[in-house]
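Spelled out, the chains give:
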Amino acid sequence: MTANSLFYLLITIIIIVFLIESLLDFLNARHYHKNIPEELSDVYPEDTYQESIAYKKANHRFKFVSSLASLGFMLAFFFADGFAWVDRIARSFSNNTVVIGLLFFGIIMLMSDILSIPASYYKTFVIEEKFGFNKTSVNTFFMDKLKGIAMMIIIGGGLLAVIIWFYQITGSYFWMYTWALIAIFTLAMNMFYAKLIVPLFNKQTPLAHGDLRDDIERYSRDVGFQLKDIFVIDGSKRSTKANAYFSGLGSEKRITLYDTLIQDLDNEEIVAVLAHEVGHFKKKHIFFNLILSIILMGVTLWFLSLFIANPLLSEALGVSQPSFHIGLITFGILYSPISEITGLIVNIVSRAFEYQADNFAKESYDGEALISSLKKLSKNNLSNLTPHPAMVFIHYSHPTLLQRIKNIRG
């Protein structure tokens with residue numbers, strides 16, 4: 001294969017991925033007006049149902065236009081030898097391989113982030129605002145962007161620097177050291193994300209003593225779930241959408257409730273939601289997902305080690321001097337079809353786990369309370385009750401609301 005043919009293979013992959021995603025979105029959009037199943041007839045009043053359709057249509061149009069614009073920018077960047085241009089800029093500042101790699105990806109990521117701001121701003125302050133979801137101030141929006149960039153520089157830059165250094169000193173064996181590094185980092189994030197990262201963006205406060213806390217602690221004792229903390233996060237600072245999640249491992253386990261969840265659901269429904277989350281822990285889903293993600297990362301890094309030294313990867317992007325950072329860009333695109341397949345498998349496993357967690361909540365607490373909570377959350381989020389089966393199969397990490405209700409009652 002020549003560098004020119006590899007270049008056009010990259011372009012072909014990018015376009016095919018865009019076309020497949022656009023087709024899935026189109027099929028999904030045609031399902032918006034599908035008749036609501038009887039089991040879901042009480043989720044939306046007619047006026048709210050029509051509002052949910054309008055919300056989904058607005059997001060569909062927005063996603064297509066923004067994705068088409070992103071595709072246009074990407075293709076233009078490829079045909080204009082943009083990566084070679086950025087590589088020359090990075091090399092003009094240093095001869096150190098690690099520094100060059102950091103500058104290269106720093107420029108790429110900064111350009112990408114700046115270009116994404118208009119679309120992100122429009123989605124937040126036009127679409128989400130129009131349908132009553134947005135609570136984000138302009139100041140919070142831009143502060144989040146700056147904090148995100150800072151985290152990318154500190155955490156992402158630090159990891160990348162070590163990975164490039166591994167490649168320099170170990171050659172094709174770098175993947176094993178990188179795998180170990182990422183595995184340790186993943187474990188650390190699972191343990192301490194809520195303590196270290198979340199406070200940078202949101203305020204977390206212990207759940208006040210009262211009926212809700214008593215109900216949660218009583219349920220935890222009944223099922224033998226050792227709970228260290230229950231926190232409330234100020235999700236209403238950015239959106240009216242509600243959520244709850246479980247984080248931490250071992251002695252660091254904690255449950256976090258969005259303040260919007262407490263506003264939207266009654267105590268019984270909240271405990272049912274948490275029973276589902278506890279089900280994930282009891283069924284060892286969290287551990288399995290952690291191990292699966294580490295294994296998939298190891299496989300990806302091993303594949304990378306087989307190709308990264310090939311100068312063709314750099315030449316395909318117009319760069320005559322082979323380098324780790326240019327090869328990483330090319331490999332990422334070439335590997336994307338495999339990533340789609342592994343992502344599909346992960347989603348299939350995830351949906352099976354969701355059924356198991358629902359069953360645990362039904363058996364250990366109350367299935368009807370869980371159904372009631374799921375219906376309320378779907379209504380308040382203007383969720384799509386009739387997604388196309390192809391979209392569900394490929395992209396959904398959770399079963400649809402109808403599938404979950406049938407499973408719980410079945």
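As a reminder, the structure under discussion sits directly above these lines.
Residues numbered from 1 in each chain as written. Predicted model: local features only at pLDDT ≥ 70, side-chain atom pairs only at ≥ 80, totals over all residues. Heavy atoms only, no water.

## What to know about the overall build of the chain
For the chain, the count of helices and strands is 16 helices and four strands. Radius of gyration (C-alpha) of the chain: 23 Å, near the 22 Å computed for a compact globule of 410 residues. Dimensions of the chain, computed from the C-alpha atoms along their principal axes, are close to 65 × 45 × 40 Å. Across the chain, contacts joining residues at least 24 apart in sequence account for 77% of those joining residues at least 6 apart. Of the roughly 20800 Å² that the chain leaves accessible, carbon and sulfur atoms contribute 64%. Charged side chains in the chain number 35 positive and 35 negative. The centres of these two groups are separated by 3 Å. (Helix = DSSP H or I, 4+ residues; strand = E, 2+ residues; numbered from the N terminus. Rg over C-alpha atoms; globule rule 2.2 N^0.38 Å. Contact = heavy atoms within 4.5 Å. Areas by Shrake-Rupley, 256 points an atom, 1.4 Å probe, with all protein chains shown as cover. Lys, Arg positive; Asp, Glu negative; His and termini not counted. Charge placed at Lys NZ, Arg CZ, Asp CG, Glu CD.)

## Details of the nonpolar core
Grouped together as the largest cluster of nonpolar side chains are 48 residues, with contacts concentrated most on Ile 216, Leu 257 and Leu 261. Here the element with the most residues in this core is helix H10 (residues 267-282); it accounts for seven residues. Not counting chain neighbours up to four residues away, the residues in contact with Leu 257 comprise Leu 207, Leu 212, Ile 216, Ile 230, Phe 231, Val 232, Ile 233, Asn 243, Ala 244, Ile 262, Ile 270 and Leu 274. (Core = buried A, V, L, I, M, F, W, Y, C linked by side-chain atoms within 4.5 Å. Buried < 20%, exposed > 50% of the residue type's maximum accessible area, 1.4 Å probe, protein only.)

## Things to note about the sheet that holds strand E4 (residues 254-258)
Spatial strand order, E1-E2-E4-E3: four strands in an open sheet with mixed pairing. Taken across any chain shown, the strands that pair with only one partner, and hence form the sheet edges, are strand E1 (204-206) and strand E3 (244-247). Recorded for the sheet is a direction-independent mean angle of 30 degrees between the axes of neighbouring strands. Pairing of E1 with strand E2 (residues 229-233) involves three bridges; the strand directions are antiparallel. (Pairing = 2+ DSSP bridges. Axes fitted to C-alpha atoms, helices over the stretch in contact; angles between N-to-C directions.)

## Focus on the packing of helix H1 (residues 3-29) against helix H2 (residues 46-79)
Where H1 contacts H2, the axes come no closer than 11 Å and their chain directions differ by 175 degrees. With respect to their mutual orientation, H1 and H2 come out roughly antiparallel. Packed against H1, whose contacting residues are Phe 7, Tyr 8, Leu 10, Ile 11, Ile 14, Ile 15, Phe 18, Ser 22, Asp 25, Phe 26 and Ala 29, the element H2 presents His 60, Lys 63, Phe 64, Ser 67, Leu 68, Leu 71, Met 74, Leu 75, Phe 78 and Phe 79 at the interface. Grouping the amino acids of the contact of H1 with H2 by side-chain chemistry returns 16 nonpolar, three polar and two charged. (Parallel < 35°, antiparallel > 145°, perpendicular 65-115°, else oblique. Nonpolar A, V, L, I, M, F, W, Y, C, P; charged D, E, K, R; others polar.)

## What about the packing of aromatic side chains?
Within this structure, the stated rule accounts for 31 aromatic pairs. Ring centres of Phe 303 and Tyr 335 lie 5.8 Å apart, and the angle between their planes is 50 degrees; this geometry places the pair in the tilted category. Residue Phe 303 is found in helix H11 (residues 285-307), and its partner Tyr 335 is found in helix H13 (residues 324-364); the two are separated by 32 residues along the sequence. With relative accessibility at 8%, the residue Tyr 335 sits in the buried group. Through a chain of ring-to-ring contacts, the aromatic side chains of Phe 7, Tyr 8, Phe 77, Phe 78, Phe 79, Phe 83, Phe 104 and Phe 105 assemble into a single cluster. (Phe/Tyr/Trp six-rings, centres within 6.5 Å; stacked < 30°, edge-to-face > 60°.)

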